[in-house]
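Fold and contact review
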Amino acid sequence: MATNTVAALGAGVIGASWTALFLANGLRVQVYDPADPDGERLGAYIDNAWPTLTALGLTDRGDRANYQLFDSAAAAVDGAEFIQESVPERLDLKHALYAEIEPALLPGAIVASSASGLLVREMQQGWRDPSRFILGHPFNPPHLIPLVELLANEATAPGVLETAEAFYRGIGKITIRVNKEVPAHVANRLQAALWREAISLVQNGVASVEDVDKAVWAGPGLRWAAMGPHMLFHLGAGPGGLGEFCDRYRDSFHRWWDDLDDLRLDDGLARQLFDGVVEEAAGRPVESVAAERDALIVEFLRGRQTLAENG
Ligand SMILES: NC(=O)c1ccc[n+]([C@@H]2O[C@H](COP(=O)([O-])OP(=O)(O)OC[C@H]3O[C@@H](n4cnc5c(N)ncnc54)[C@H](O)[C@@H]3O)[C@@H](O)[C@H]2O)c1
């Protein structure tokens, strides 16, 4: 089934961004969010996101007005081939929503949840037939960050994962498959591991908040935006690649891993990090720092597109 009409259930931080991306890709979007019945918040979000989507070359086939607001979730999914659920991260809320929409779905429709922390098998309990319900976890904001983590399991019908992958790739996303249900999927676990050590370095007085941040963005972070850690280390030890890298450096890494701390983010530590980041911002409002982040990400993604176009 070709996807022309998508439903966005929840249009908060994540759902509004998904909606903007769907519209940029020429899809019709049916939206339900009880907190924004007139779509004022959503309209402002789309207006704000559109120049970024245009800079990424994504809006040529798009129509930013091609969405309709509904006053119930069941009405919003009527006729939609793909449903992106982005309601708050509460199992009871998600279950109630699934119970409401399930009878109204098109027979082949796929429902993907944006959930960051809930397990698919927990969310599936809200379904009579969970075979077309999967995880489609984005990174914030979905209209800018390409990654979507997909997870299906033994209750998923054959072909559903592949259809969802094709859909997401068709709108410019980069998908990965999460093969096993673990809290926080893949990318948030990686973030959590790095942040734990970043905090620990500050806590132990090894470096300031600003210098730890710099050590990431001006160092390995720049490489990580180009490639992942395994491929980078494959490039880092001569012709033997990652095999040689492991032989050469495993003892060092074992020593370093053994030295990493466990961590609890108590109030005092949270305050220390907050003060450090305020100093790092040097009086710049959060909006200005966020605009710089988005502009840099757009330039980076454009660079990747240019490289891909030039072979
Ligand atoms: N914020 C992030 O960084 C992030 C990143 C990836 C995934 N997620 C996931 O996306 C989902 C949404 O998170 P968010 O940050 O957008 O939350 P949010 O609170 O900003 O938005 C949720 C929206 O859902 C609406 N809503 C509540 N009940 C609803 C219902 N029954 N039907 C339709 N809409 C309803 C709310 O009014 C609200 O506008 C969560 O599962 C979260 O884990 C969040």
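For clarity, every value in this text was computed on a predicted model and none was experimentally measured. Residue numbers run consecutively from 1 along every chain, following the written order of its sequence. Where totals are concerned, whole chains, interfaces and linings use all residues; where local detail is concerned, this predicted model gives features only for residues with pLDDT of at least 70, and gives and counts side-chain atom pairs only at 80 or more.

Time to look at the overall build of the chain. Elements are defined by DSSP. Helices are runs of H or I of four residues or more, strands are runs of E of two residues or more, and each kind is numbered from the N terminus. When its secondary structure is counted, the chain shows 13 helices and 8 strands. Scaling as 2.2 N^0.38, a compact globule of 311 residues should have a C-alpha radius of gyration of about 19 Å, and the chain matches this with 21 Å. Overall, the C-alpha framework of the chain stretches about 55 × 50 × 45 Å when taken along its three principal axes. Exposed residues have 12 or fewer other C-beta atoms within 10 Å of their own C-beta, buried residues have 20 or more, and partly exposed residues fall in between, where C-beta atoms are placed from the backbone. For the chain, the residues scored as buried account for 28% of the 311 residues in total. Two residues qualify as being in contact provided that their C-beta atoms, derived from the backbone, are within 7 Å of each other. The contacts of the chain with a sequence gap of at least 6 include a subset with a gap of at least 24, amounting to 69%. When we talk radius of gyration, it's over C-alpha atoms, and the globule rule is simply 2.2 Å times the number of residues to the 0.38.

A word on the pairing of strand β7 (residues 147-151). Along any regular strand, the residues point their side chains to alternate faces of the sheet. When DSSP finds two or more bridges between two strands, those strands count as paired. Here 4 bridges tie strand β6 (residues 133-138) to β7, and the two strands are oriented antiparallel to one another. Bridge pairing in β7 places Leu135 opposite Leu151. The pairing of β7 with strand β8 (residues 174-177) spans 4 bridges and is parallel. Bridged to Leu147 within β8 is Ile174. Consider the strands pointing away from the viewer: the crossover is right-handed when the path from the first strand over the helix to the second runs clockwise. Where the polypeptide runs from β7 across helix α6 (residues 160-170) and back to β8, its parallel neighbour, the crossover connection is right-handed.

Around the ligand sit 25 residues in total, of which Gly10, Gly12, Ile14, Ala35 and Ser116 are the nearest. Residue assignment for the shell around the ligand shows that the elements contributing at least two residues are α1 (13-24), α4 (91-101) and β6. It is α1 that provides the largest number of residues to the shell around the ligand, a total of 3 residues. For this classification, the nonpolar set comprises Ala, Val, Leu, Ile, Met, Phe, Trp, Tyr, Cys and Pro, the charged set comprises Asp, Glu, Lys and Arg, and every other residue, Gly included, is treated as polar. Classifying every residue of the shell around the ligand by side-chain character gives 14 nonpolar, 9 polar and 2 charged. Using a C-beta atom placed from the backbone for every residue, we mark a residue as near a molecule or strand if that atom lies within 6 Å of it.

By definition here, a helix of n residues has an expected span of 1.5 Å times n minus one. When the terminal C-alpha atoms of helix α2 (residues 40-55) are compared, their 24 Å separation across 16 residues agrees well with the 22 Å that a helix rising 1.5 Å per residue should span. Along α2, the sharpest change in direction is near 35° and occurs at Ala49; proline Pro51 comes one to four residues later. Of the residues making up α2, those classed as buried are Leu42, Tyr45, Ile46, Ala49, Thr52 and Leu53. Here the buried face of α2 lies against α1, β2 (28-32) and α13 (286-309). Where α2 ends, the next residue or the one after it, Gly57, has phi of about 75°, a positive value. For a residue, the bend is simply the angle between two axes, fitted respectively to the seven-residue segment ending there and the seven-residue segment starting there.

Right, let's get into the domain arrangement of the chain. Throughout, the edges of the domains are those of an automatic or database domain assignment. Splitting the chain by domain gives domain 1 (5-177) and domain 2 (187-226 + 264-309). Between the C-alpha centres of domain 1 and domain 2 the distance comes to 28 Å. The partner domain 2 presents 8 residues to the 9 residues of domain 1 that form the contact. At the level of secondary structure, the elements contributing two or more residues to the side of domain 1 that touches domain 2 comprise α2 and β7. Split by residue class, the side of domain 1 that touches domain 2 holds 5 nonpolar, 3 polar and 1 charged.

Turning to the packing of helix α8 (residues 209-217) against helix α12 (residues 267-281), a few remarks are in order. Here an angle of 0 to 180 degrees is reported between the N-to-C directions of two axes, which are lines fitted to C-alpha atoms, with helices fitted over the stretch in contact. With their axes 8 Å apart at the nearest point, α8 and α12 run at an angle of 70° to one another. When the axes of α8 and α12 are compared, the pair comes out roughly perpendicular. The residues of α12 that touch α8, namely those facing Val209, Glu210 and Asp213, are Leu273, Gly276, Val277, Glu279 and Glu280. Here the contact of α8 with α12 is composed, by residue class, of 3 nonpolar, 1 polar and 4 charged. Orientation categories follow fixed angle ranges, with anything under 35 degrees roughly parallel, anything over 145 roughly antiparallel, 65 to 115 roughly perpendicular, and all other angles oblique.

A word on the nonpolar core. Throughout this description, the term nonpolar core refers to a group of buried Ala, Val, Leu, Ile, Met, Phe, Trp, Tyr and Cys residues whose C-beta atoms join them within 7 Å. Residues Ala8, Leu9, Ala20, Phe22 and Ile134 are the most contacted members of the largest nonpolar core, which totals 53 residues. Ignoring sequence-local partners within four residues, the contact set of Ala20 consists of Tyr45, Ile46, Ala49, Trp50, Leu53 and His143.

A few words on the environment of Leu118. Within the secondary structure, Leu118 sits in the loop between β5 (110-113) and α5 (120-124). Assessed through the 17 C-beta atoms surrounding it within 10 Å, Leu118 is described here as partly exposed. With 172 residues separating them along the chain, Leu118 and Ala290 place their C-alpha atoms 28 Å apart. Look past the residues within four positions of Leu118 in its chain and what remains in contact with it is Glu89, Leu91 and Met123.

By the burial criterion, the buried members of α4 are Lys94, Leu97, Tyr98 and Ile101. Buried residues of α4, viewed axially, fall in a sector of 100°; they line one side. Across from the buried face of α4, at angles greater than 90 degrees, the exposed residues are Asp92 and Ala99. In this structure, the buried residues of α4 make contact with β1 (5-9), α3 (73-77), β4 (82-85), β5 and α5. Summarising the geometry, the arc corresponds to the directions from the helix axis toward the C-beta atoms.

Here the residue pair Asn140 and Pro141 is connected by a cis peptide bond, since its omega of -10° sits within 30 degrees of zero. At Ala184, a residue that is not glycine, the phi angle is positive and equals roughly 75°. For Ala184, a count of 14 C-beta atoms within 10 Å translates into the label partly exposed. Positive phi, normally seen in glycine, also occurs at Ala282, with a value near 50°. For Ala282, the location among the structural elements is in the loop between α12 and α13. We classify Ala282 as exposed; it has 8 C-beta atoms within 10 Å.

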